[in-house]
Amino acid sequence: MKYKLFLAVSLLVLVVPDFVLAQGTFSKEINASDVKKHVVFLAGDDLKGRLTGTQECEEAAVYLKKNFAEFGLQVFPGKDWFQKYDFIAGMKKGPDNKLLFLSIDGNNEVTDLDFTPAAFSGSGNFSGELVFVGYGISAPKQKYDDYENLDVKGKIVVAMRYHPEYANPHSEFDDLASFRLKATIAKEKG
């Protein structure tokens, strides 16, 4: 879905220097009452967090546009105050997009099967041989590769959550444990 959203995110932009300001309803000086007015409106309960794609997000964007214009800010020539972009508004369980969670007992039997949607997955049907890839991490910098000596081309990889140093709060592997990165690595490996 495409939504018109204001690009500016930072409240700090609301308090711009004197040379940018034009005559308007606000003082050219930074003052607590103006800053408080903006914060109260933008962070207030009425805007319900300004989640992307909501009416409240639109209201916040229009508010910012109005105030920026009053401050004398201008958009780049040929541009608009708003930009359109695609985003994922939600996920739901279904047969086409999922991450599978398996529980396997000591006899290599599946004891529990569940799934949750993955926002980054595609749609479609698949079948094939399963290949266990440990944590699904391939990290040359750490000299660690769960894919070493495995043929996964055209197969379905099964990876464990987390990483091999999960109990270490300062592990080099922390940045390598996300589902998205593991899926990317699996795709790169075929």
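From a predicted model like this one, the values you see are computed outputs, not experimental measurements. (Residues numbered from 1 in each chain as written. Predicted model: local features only at pLDDT ≥ 70, side-chain atom pairs only at ≥ 80, totals over all residues. Heavy atoms only, no water.)

1. Here we look at the overall build of the protein
If you tally the helices and strands in the protein, you get 3 helices and 8 strands. Starting at the N terminus and ending at the C terminus, the protein contains elements arranged as β-α-α-β-β-β-β-β-β-β-α. Out of the 190 residues belonging to the protein, those deemed buried represent 24%. Of the contacts made within the protein by residues no fewer than 6 positions apart, 56% connect residues no fewer than 24 positions apart. (Helix = DSSP H or I, 4+ residues; strand = E, 2+ residues; numbered from the N terminus. Buried < 20%, exposed > 50% of the residue type's maximum accessible area, 1.4 Å probe, protein only. Contact = heavy atoms within 4.5 Å.)

2. Digging into the side chain of lysine 182
Its location among the elements puts lysine 182 in helix α3 (residues 179-188). No salt bridge is formed by the buried lysine 182. Its closest oppositely charged neighbour is aspartate 146, at 6.9 Å. Apart from the residues lying within four places of it in its own chain, the contact partners of lysine 182 are Tyr135, Gly136, Ile137, Tyr147, Met160, Arg161, Tyr162, Leu176 and Ala177. (Lys, Arg positive; Asp, Glu negative; His and termini not counted. Salt bridge = Lys/Arg side-chain N within 4 Å of Asp/Glu carboxyl O.)

3. A look at a negative patch on the surface
On the surface, a cluster of negative charge is made up of Glu165, Glu172, Asp174 and Asp175. The class for aspartate 175 is exposed, based on a relative accessible area of 70%. (Patch = residues over 30% accessible without salt bridge, like charges linked within 9 Å, V, L, I, M, F, W, Y side chains within 5 Å. Areas by Shrake-Rupley, 256 points an atom, 1.4 Å probe, with all protein chains shown as cover. Charge placed at Lys NZ, Arg CZ, Asp CG, Glu CD.)

4. Considerations on helix α2 (residues 55-71)
Taking 1.5 Å of rise per residue, 17 residues should cover 24 Å, and α2 covers 24 Å from first to last C-alpha, within 8% of that figure. Three or more residues of α2 are buried, namely Glu56, Cys57, Ala60, Ala61, Tyr63, Leu64, Asn67, Phe68 and Phe71. Angular distribution of buried residues about the axis of α2 spans 160 degrees; they occupy a single face of the element. Just past α2, the residue glycine 72 takes up positive phi, approximately 95 degrees. (Expected span 1.5 Å × (residues − 1). Arc of directions from axis to C-beta.)

5. What about the confidence of the model for the protein?
When pLDDT is averaged along the protein, the result is 77; 66% of the residues meet or exceed 70. Per-element confidence in the protein ranges from a low mean pLDDT of 36 for strand β1 (residues 2-6) to a high of 95 for strand β7 (residues 144-145). This stretch, residues 1-24, has a pLDDT under 50; its non-local contacts, to residues over four places away or in other chains, come to 60 contacts. (pLDDT = per-residue confidence, 0-100.)

6. Some details on the pattern of salt bridges
Side chains that carry opposite charge are capable of pairing whenever their charged atoms lie near each other. Within the structure shown, the criterion is met by 4 salt bridges. One salt bridge in this structure joins lysine 48 and glutamate 56, with 3.5 Å as the shortest N-O distance. On the basis of relative accessibility, which here comes to 15%, the residue glutamate 56 falls in the buried class. A salt bridge links glutamate 70 to lysine 66; the shortest N-O distance between them is 2.9 Å. One end of the pair is glutamate 70 and the other is lysine 66, both in helix α2 and 4 residues apart, which spans about a single turn. Overlapping salt bridges, with partners in common, bring together Glu129, Asp151 and Lys155 in one network.

7. Notes on the packing of aromatic side chains
On inspection of all chains with the given rule, the structure shows 4 aromatic pairs. Measuring from centroid to centroid gives 6.2 Å for phenylalanine 68 and tryptophan 81, while their planes differ by 35 degrees, and the two rings are tilted. Separated by 13 residues along the polypeptide, phenylalanine 68 in helix α2 and tryptophan 81 in the loop between α2 and β2 (82-86) bring together distant segments of the chain. With respect to class, phenylalanine 68 is no different from tryptophan 81; both count as buried. (Phe/Tyr/Trp six-rings, centres within 6.5 Å; stacked < 30°, edge-to-face > 60°.)

8. With respect to the environment of lysine 141
Tracing the backbone shows lysine 141 in the loop between β6 (138-139) and β7. Remark: the alpha-carbon pair of lysine 141 and glutamate 172, spanning 31 residues in sequence, is separated by 9.6 Å.

9. Some words on α3
Within the sequence span of α3, burial applies to Lys182, Ile185 and Ala186. Viewed along the axis of α3, the buried residues span an arc of 100 degrees, placing them on a single side of the element. α3 presents Lys187 and Glu188 as exposed residues on the side facing more than 90 degrees away from its buried surface. Where α3 is buried, its residues contact β6 and β8 (156-158).

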